[in-house]
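# Coordinate inspection notes
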Amino acid sequence: MTLNRRQLLALSGAAALAAPPSVFAQSAWPTKPVRFVVPFAPGGTSEIVARSVAAELTKQLGQSVYVENKPGGAGVTAMSEVAKAAPDGHTMILGHVGTLAVNPYMLKNQPYDVNRDFIPVTLLAKVPNVFVIHPDVPAKNFREFVDYVKKHPGELNYGSAGNASAGHLAMEYLKLVTGMYITHIPYRGTGPQLTDLLAGRTQASSAGLPALGAHIRAGKLRAIAVGTQQRISLLPDVPTVAEMGFKDFETSQWYGILVPAGTPPEVVKKIQEESYKALKSSAVTERFATDNAVGGGGSSADFAAFIKREQKIWSDIVKRAGIKAD
C-alpha cells in the first residue's frame with residue numbers, strides 16, 4: 001500500500017499525540033530564559049554560588065540562566081513568589097539552611113510549606129562558615145574574643161545577612177554553646193552587613209569564606225575560628241570551634257536548587273543532570289576550590305534527605321537557642 005504525503009503527515013501527527021508527555025518535557029526544556037532567584041541581596045556567598053553555576057548552565061543549555069536577587073523577609077519574599085511560579089522548570093530558587101531548615105521552626109504562618117510546595121533538585125555546595133571580628137576589637141583569637149564579650153555583655157554587635165541567614169544561625173549557635181551575649185543586627189544581605197563591619201560600626205560576623213576571604217587576606221578582618229569539623233586549607237592557622245573545647249560544634253552554609261511543586265519529573269531530572277555537569281566544569285571547580293567550597297551534584301532524593309536531616313538538627317538548635325525573627 002502506498003501512502004501519499006497528506007496521509008503520512010496525518011499518521012505522524014497521530015503518533016505524536018499518542019507519545020508520552022515526558023517525551024516533550026524532556027526535549028522542550030528550556031524553551032526560554034531560566035530565572036534563578038537568590039533570596040538575598042548581592043555580595044554574599046549565595047550569589048557567588050548561584051552565578052558560578054548559572055554561567056555554566058547558560059553555556060550548556062543554549063538559553064540564558066540569569067540570577068535575580070530578591071531579598072526580604074528572611075527569604076520568605078522570594079520563596080513565596082517562586083512557590084506560585086509556573087511549575088515548568090523556568091523558575092528556580094536557591095535554597096539554603098535558613099529558608100529550608102530554620103524558617104519553618106523560627107517563623108510562624110509562612111505562606112508556603114517548604115516540604116510540600118517545592119521540589120528539591122540538587123545540592124550545589126557546602127561552604128565553610130568563618131567567624132571574624134573587626135581588628136579594633138581587643139582580641140587576637142577566639143578565646144580572647146569570648147572572654148572579652150563575657151566581660152562586656154551586650155556592648156558588642158554582630159551583623160548578618162538577615163534573619164535566618166547562615167551567619168545569623170552560626171552566631172546564635174556560637175552564643176548558645178559559649179554563653180556569650182552579643183547583639184544581632186540583621187541586614188538585607190551579606191554585602192550591606194560587611195560594609196558596616198569593615199567600617200567598625202559592628203564588631204563581629206560569620207559568613208561564608210567566598211565573601212570574607214579577600215578582607216581577611218587584606219587584614220581588614222580577623223578570622224578567629226571556622227565552623228567546620230576540620231581546619232580549612234586556606235586558613236590553616238585558624239582553629240575550629242570544636243578545637244576550642246566545644247565538642248561536636250559544626251556549622252556550614254549549604255546551597256541547592258529547588259523548583260515549584262508540580263514541575264515534571266523529567267524536567268527536575270534534566271536540571272539535576274545539567275547542574276551536575278556545571279559543578280564538574282573547570283570554571284566552577286576552580287572557583288569553589290578558591291573558597292574551600294565542596295560541590296554537590298546528587299539526586300533530587302539525596303537533596304531531600306539532606307534537607308530532612310538539617311531540619312532535625314536546626315529545629316532543636318532554634319528551640320534551645322531561642323532564635324527569633326528579630
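See the structure printed just above.
The next subject is the overall build of the protein chain. On a plain count of helices and strands, the protein chain comes out with twelve helices and ten strands. Along the three orthogonal principal directions, the C-alpha set of the protein chain runs to about 95 × 40 × 30 Å. Expressed as a percentage of its 326 residues, the buried residues of the protein chain come to 53%. Taking the intrachain contacts of the protein chain between residues at least 6 apart in sequence as the baseline, contacts between residues at least 24 apart amount to 79%. When the accessible surface of the protein chain is summed, it comes to about 14500 Å², and 53% of that surface belongs to carbon and sulfur atoms. A gap of 3 Å separates the mean positions of the 34 positive and 26 negative side-chain charges of the protein chain.

With that settled, the discussion passes to the packing of helix H10 (residues 265-280) against helix H11 (residues 282-290). Contact geometry of H10 with H11 gives a least axis separation of 4 Å together with a crossing angle of 60°. Only Ser282, Val284, Thr285 and Phe288 of H11 make contact with H10, whose side of the interface consists of Ala278, Leu279 and Lys280. Across the contact of H10 with H11, the residue classes tally to four nonpolar, two polar and one charged.

Before going further, it helps to spend a moment on the side chain of threonine 45. Among the secondary structure elements, threonine 45 is positioned in helix H3 (residues 45-61). The exposure class assigned to threonine 45 is buried, which follows from its relative accessible area of 2%. Apart from the residues lying within four places of it in its own chain, the contact partners of threonine 45 are Val127, Gly208, Pro210, Ala211, Gln253 and Tyr255.

Phe131, Phe145 and Trp254 are the most contacted members of the largest nonpolar core, which totals 51 residues. Elements supplying a minimum of two residues to this core: helix H4 (76-83), helix H5 (97-106), strand E4 (118-133), helix H6 (142-151), helix H7 (166-178), strand E8 (222-226), strand E9 (252-260) and helix H12 (300-321). Counting residues in each nonpolar core, the second largest holds 29 residues, with Leu57, Ile257, Val267 and Leu279 among its members.

Before going further, it helps to examine unusual backbone geometry. Peptide bonds are, in most cases, trans, and in most cases residues other than glycine have a negative phi. A cis amide bond links tryptophan 29 with the next residue in sequence, proline 30, at an omega value of -10°. Relative to the helices and strands, proline 30 resides in the loop between helix H2 (21-28) and strand E1 (34-38). Phi at alanine 74 takes a positive value of approximately 60°, unusual for a residue other than glycine. Along the chain, the position of alanine 74 falls in the loop between strand E2 (65-69) and H4. Note on alanine 74: relative accessible area 15%, which makes it buried.

Per the counting criterion, the structure on display carries seven aromatic pairs. Plain terms: the ring middles of tyrosine 173 and phenylalanine 249 are 4.3 Å apart, the flat faces sit at 25° to each other, and that makes the pair stacked. You can see tyrosine 173 sitting in helix H7 and its partner phenylalanine 249 sitting in the loop between E8 and E9, a full 76 residues away along the chain. Measuring from centroid to centroid gives 6.3 Å for tryptophan 254 and phenylalanine 303, while their planes differ by 90°, and the two rings are edge-to-face. Residue tryptophan 254 is found in strand E9, and its partner phenylalanine 303 is found in helix H12; the two are separated by 49 residues along the sequence. You'll find tryptophan 254 and phenylalanine 303 in the same group, each marked buried. An aromatic cluster of at least three residues, connected via ring pairs, comprises Phe131, Tyr173, Phe249 and Trp314.

To continue, consider H4. Within the sequence span of H4, burial applies to Val76, Ala78, Met79, Ser80 and Val82. Where the residues of H4 are buried, they touch E1, strand E3 (91-96), H5, E4 and E9.

Counting buried positions along E3 yields six of six residues, so the element is predominantly enclosed. With burial as the criterion, each face of E3 is covered, one bearing Thr91, Ile93 and Gly95 and the other bearing Met92, Leu94 and His96. Strand direction decides the pairing type here: E1 and E3, joined by three bridges, are parallel. Across the sheet, residue valine 37 finds its bridge partner in E3, namely isoleucine 93.

To continue, consider the pattern of salt bridges. Counting across every chain of the model gives 13 salt bridges. With a closest N to O distance of 2.8 Å, arginine 231 and glutamate 243 form a salt bridge. One end of the pair, arginine 231, is in the loop between E8 and E9; the other, glutamate 243, is in the loop between E8 and E9, and twelve residues separate them in sequence. Relative accessible area serves as the criterion here: at 39%, arginine 231 is assigned to the partly exposed category. For glutamate 243, a relative accessible area of 39% corresponds to the partly exposed category. Between arginine 320 and aspartate 316 there is a salt bridge; the shortest N-O distance is 3.3 Å. With arginine 320 and aspartate 316 both in helix H12 and four residues apart, the pair spans about one turn of that helix. Within this structure, Arg35, Glu68, Lys70 and Glu81 form a network of salt bridges that share partners.

Cut-offs used in this document
Residues numbered from 1 in each chain as written. Predicted model: local features only at pLDDT ≥ 70, side-chain atom pairs only at ≥ 80, totals over all residues. Heavy atoms only, no water. Helix = DSSP H or I, 4+ residues; strand = E, 2+ residues; numbered from the N terminus. Buried < 20%, exposed > 50% of the residue type's maximum accessible area, 1.4 Å probe, protein only. Contact = heavy atoms within 4.5 Å. Areas by Shrake-Rupley, 256 points an atom, 1.4 Å probe, with all protein chains shown as cover. Lys, Arg positive; Asp, Glu negative; His and termini not counted. Charge placed at Lys NZ, Arg CZ, Asp CG, Glu CD. Axes fitted to C-alpha atoms, helices over the stretch in contact; angles between N-to-C directions. Nonpolar A, V, L, I, M, F, W, Y, C, P; charged D, E, K, R; others polar. Core = buried A, V, L, I, M, F, W, Y, C linked by side-chain atoms within 4.5 Å. Phe/Tyr/Trp six-rings, centres within 6.5 Å; stacked < 30°, edge-to-face > 60°. Pairing = 2+ DSSP bridges. Salt bridge = Lys/Arg side-chain N within 4 Å of Asp/Glu carboxyl O.

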